[in-house]
Amino acid sequence: MSSVTKAAAAPGGGARPTRRAVALTTSLLVVFLLYSLAPTWFLLVASTKNQTDLYSTFGLWFSSNHLADNFQAVWSYHDGVFGRWIWNSVLYSTVGAAGSTLISLAAGYGLAKFAFRGRGALFAVIVGASLLPSTLLAFPLYLVFAKIGLTNTVWAVLIPYFINPFGVYLGKVYADSSVPNELMEAARIDGAGEARIFVSVALRLMSTGGITIFMLDFINIWNNFFLPLFMLNGERTFPVTLGLFSWVQQAQASRDMNTLVLSGSLLSIIPLAVFMFALQRYWRSGILMGSLK
Amino acid sequence: MSTFRKRATAGAAAVLSLSLVLAACSSGDDTSATTQGKVQLEFWSWTDGIQQQVAVWNKAHPDTQVKYVNAAGDTVYQKLRAAITSGNAPCLAKMDGMNLATFAADGLLTDITKIAAPYKSRYTAAAWNAVSPGGATYGIPMGSSPLFTAYRADLFQKYGLKAPTTWDDVIAAGKAAQRKDKNVKIYNMAGEDPSTLVDLSWQSGAQWYKVAGDHWEIGFTSPEALRAGDVVQRLVDDNLASNASYADPGVFKTWDLGKTIMMTTSTWQLPIYDTNFPKSKGEWQLADAPLFDPAKPQTSSNFDTVGFLKGCKYPDRAAQFATWMSSSKESLTALTDPASKSGLFPAVKDVSPYVDKIIPKEMFNGKSDSAQIITTAASRVGEQWQYGPDYASMYSEMQKQWGKVMKKQMTVKAMLTHLQEWVLADLKHKGVKAVAAGS
């Protein structure tokens, strides 16, 4: 992708891009677009097929339409466990991301606005921690949660989701840039306490940044697989990622469940797509803001 | 096909094995005292239809309540190791024979030899071997999948072939078919899946691992093992086998379109044939699995088991439940009904009451007695096969080399010679006494 942006940026600097550069960029972008859309297209087509057609007809075009049957099968499997998975995903993502956003903003604000001993070291540790892959921490976390008896509860996934070093880093960046020290001084002079300043002044000023953190977390948690895989037993507690995975595994064994997996995957995209489109405006400004820091 | 899933979860396994410290002590806590009063025990499985049977059991046995947990497929082995390490493992878990042996060797299971003894006579000897790696019993058999042959009767007729009885016949038929149509293959061997060699070695009477008193005898290069390897070598050398990957959900096309005209198959695959063979259903016929020695006919089978994990407090009650589930007429009748979607086939001595229902309606041409062939297969599973203490890691080592064998970069014999040395070195490293067979 970087080659695309480079090709697009190179002829900049005021001059009109040459025809060749435009053609090259456009064709690269078209290839990239196809590359991104092809899997979705396949998913859409495959979800309309029944088991037999799935293997015996051309993969990228429709045959007889069984979309309704497939959706019906997805929703009715194991007393509607799929609906439960979607609900679990929404719950884990919303609560997890909200908690994480609040903690990140508070911690970032603290790091940005208050001078205390060890601040630099603390910040370095947090930046360092954001480099640790969460996959690596899943097993130690499992042992800790097993010790305090919280495995296989909703807390076993929510509490780790609340803590997000990268979110704290972003929180600090946003606090630095969007909360002027003068405003805090003014509030103090007017007699506001520190808690009040944070809640009524700083949080509001950082709301755009907060929404960005929330979105990043929401999507991370929605797609997270490893932590719930460790912590949760029994399919009724699964988020949709883990649920679909359990279907994929069964597809290889006693019966063929590939149509369920495909239609289920298509359905599972919808909530995330809605979420993305609804918050698109913030998404774009958030990324731009991040890129300038 | 389990090999595919194994690779998919290799990442999970790698991370886990990094952080896992295994309790290497032997689990000699053979609790044979009878449990009194009400107990509750947990059972992890991922087979459809089991949950309903657990409910039936719980209703009739208020004193032994089983909590069923639907675990997510093969990653369950890593989760079980983690759960045992942290002390909150279930009492029972579904396991395959390979993992049961490895768990037992790692000291993660409960020895139930005495408790299980009264139930032994219900199951086939081969099934009991699968739950007794190294002699002591660590589980109860759950299901079996004996191997037999399915072939395209119409194409066999077209090419002038007879259903093969021996593996030599298979190779001869493969060559004869190619004289008529050079693109036709007699068999399929996937590049990622060495289970073909396991099946052939089992059928040939080989013993890769054999317990002899206080040590293991390792026999990857015994005459029986080499003759099994030789069949694979000839299939490869003469280009008689296709290489469709079982990781591909559309793998059935290879047979459905008549490119490959014979396969070895088993009970768990039967329910999905009618939907997955739209073009060729009705043209297939079952036959006994190819043999090495018609005087000593034997086939192979994978076994699902119920493993008794370390820390299981009521192994006697757990054994009552597990044996009811996998050997009582009540439970087996429900589980072998295709409506249960379990795909389970019993590991009991007399399987005849459960065969008829699992035969697909449209797949076969009705010219051979499918029920008879399935029953025969179940009765002639080789009883010599044993899973050794490092079987699972040996299998992944074999998987790496198998791909080279399929690409003709290595001979089967070279692979078996390597595995012989590899296993001896690996067991020595693990502190398990082992010698080369015949030495």
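Model, not experiment: these values are computed from the prediction.

(A) Spotlight on the pairing of strand 4 (residues 139–152) of chain B. Residue and element names in this part refer to chain B. Strand 4 sits mainly inside the fold: 14 of its 14 residues count as buried. Of the strand pairs in this sheet, strand 4 and strand 11 (residues 301–308) are connected by 7 bridges, and their pairing is antiparallel. When the bridges of strand 11 are listed, Ser 144 appears paired with Phe 303. Sheet topology places strand 4 next to strand 9 (residues 262–266); 5 bridges connect them, and they run antiparallel.

(B) Highlighting the UniProt feature "transmembrane region" (unreviewed entry) in chain A. Residue and element names in this part refer to chain A. Under the present numbering, the feature "transmembrane region" (unreviewed entry) in UniProt falls on residues 21–44, 85–109, 121–142, 154–175, 196–219, 225–248 and 260–283. Note that residues 21–44 is 100% helix and 0% strand, and that its end C-alpha atoms are spaced 34 Å apart. Across residues 225–248 one finds 62% helix and 0% strand; the C-alpha atoms that close the span lie 14 Å apart.

(C) The pairing of strand 11 of chain B, seen in detail. All names here are of chain B. Burial of strand 11 is extensive: 8 of the 8 residues sit out of reach of the surface. Burial along strand 11 is two-sided: Ser 301, Phe 303, Thr 305 and Gly 307 facing one way and Asn 302, Asp 304, Val 306 and Phe 308 facing the other are all buried. Pairing of strand 3 (residues 92–96) with strand 11 involves 5 bridges; the strand directions are antiparallel. By the bridge assignment, Asp 96 is partnered in strand 11 with Asp 304.

(D) Fine view of helix 18 (residues 412–429) of chain B. Residue and element names in this part refer to chain B. Compared with the 26 Å implied by 1.5 Å per residue over 18 residues, the 25 Å span of helix 18 between its first and last C-alpha is a close match. Listed in full, the buried residues belonging to helix 18 are Val 412, Met 415, Leu 416, Leu 419, Val 423 and Leu 427. Taken around the axis of helix 18, the buried residues stretch over an arc of 95°, which confines them to a single face. More than 90 degrees from the buried face of helix 18, the exposed residues found are Ala 425, Lys 428 and His 429.

(E) View of the domain arrangement of chain A. Residues and elements named next belong to chain A. Examined at the domain level, chain A breaks down into domain 1 (2–67) and domain 2 (75–292). With 8 residues of domain 1 in contact, the opposing surface of domain 2 contributes 7 residues. Contributions of two or more residues to the side of domain 1 that touches domain 2 are made by helix 2 (19–46) and helix 3 (51–56). Examining the composition of the side of domain 1 that touches domain 2, we find that 3 residues originate from one element, helix 2, more than from any other. The residue makeup of the side of domain 1 that touches domain 2, split by class, is 4 nonpolar, 3 polar and 1 charged.

(F) Layout of the sheet that holds strand 6 (residues 209–212) of chain B. All names here are of chain B. As summarised here, the arrangement of the 3 strands in space is 6-7-12, forming an open sheet in which the pairing is mixed. Two strands bound the open sheet, and with one partner strand each, they are strand 6 and strand 12 (434–436). Neighbour-to-neighbour, the strand axes of the sheet open up by a mean angle of 30°, direction not taken into account. In terms of strand pairing, strand 7 (residues 215–218) meets strand 12 through 3 bridges, oriented parallel. Within strand 12, the position partnered with Ile 218 by the bridge is Ala 436. Packing against the sheet, helix 18 makes contact with strand 7 and strand 12, and its axis sits at approximately 160° to strand 12.

(G) A look at the domain arrangement of chain B. Residues and elements named next belong to chain B. Considered domain by domain, chain B is made up of domain 1 (2–144 + 303–368) and domain 2 (146–299 + 387–436). Facing 26 residues of domain 1, the contacting portion of domain 2 comprises 30 residues. Per-element accounting of the side of domain 1 that touches domain 2 gives the leading share, 6 residues, to helix 5 (residues 97–105). Among the residues making up the side of domain 1 that touches domain 2, the classes are represented as 13 nonpolar, 10 polar and 3 charged.

(H) Fine view of the environment of Leu 260 of chain A. All names here are of chain A. Looking at the element boundaries, Leu 260 is found in helix 15 (residues 258–278). Between the alpha carbons of Leu 260 and Val 74 there is a distance of 5.7 Å; along the sequence they are 186 residues apart. Discounting residues that sit within four places of it in the chain, Leu 260 has contacts with Ala 73, Val 74, Tyr 77 and Trp 247.

Basis of the calculations
- Residues numbered from 1 in each chain as written.
- Chains lettered and ligands numbered in written order.
- Predicted model: local features only at pLDDT ≥ 70, side-chain atom pairs only at ≥ 80, totals over all residues.
- Buried ≥ 20, exposed ≤ 12 C-beta atoms within 10 Å, placed from the backbone.
- Helix = DSSP H or I, 4+ residues; strand = E, 2+ residues; numbered from the N terminus.
- Pairing = 2+ DSSP bridges.
- UniProt positions renumbered as here; feature names shortened; annotations may be inferred.
- Expected span 1.5 Å × (residues − 1).
- Arc of directions from axis to C-beta.
- Domains from an automatic or database assignment.
- Contact = placed C-beta atoms within 7 Å.
- Nonpolar A, V, L, I, M, F, W, Y, C, P; charged D, E, K, R; others polar.
- Axes fitted to C-alpha atoms, helices over the stretch in contact; angles between N-to-C directions.

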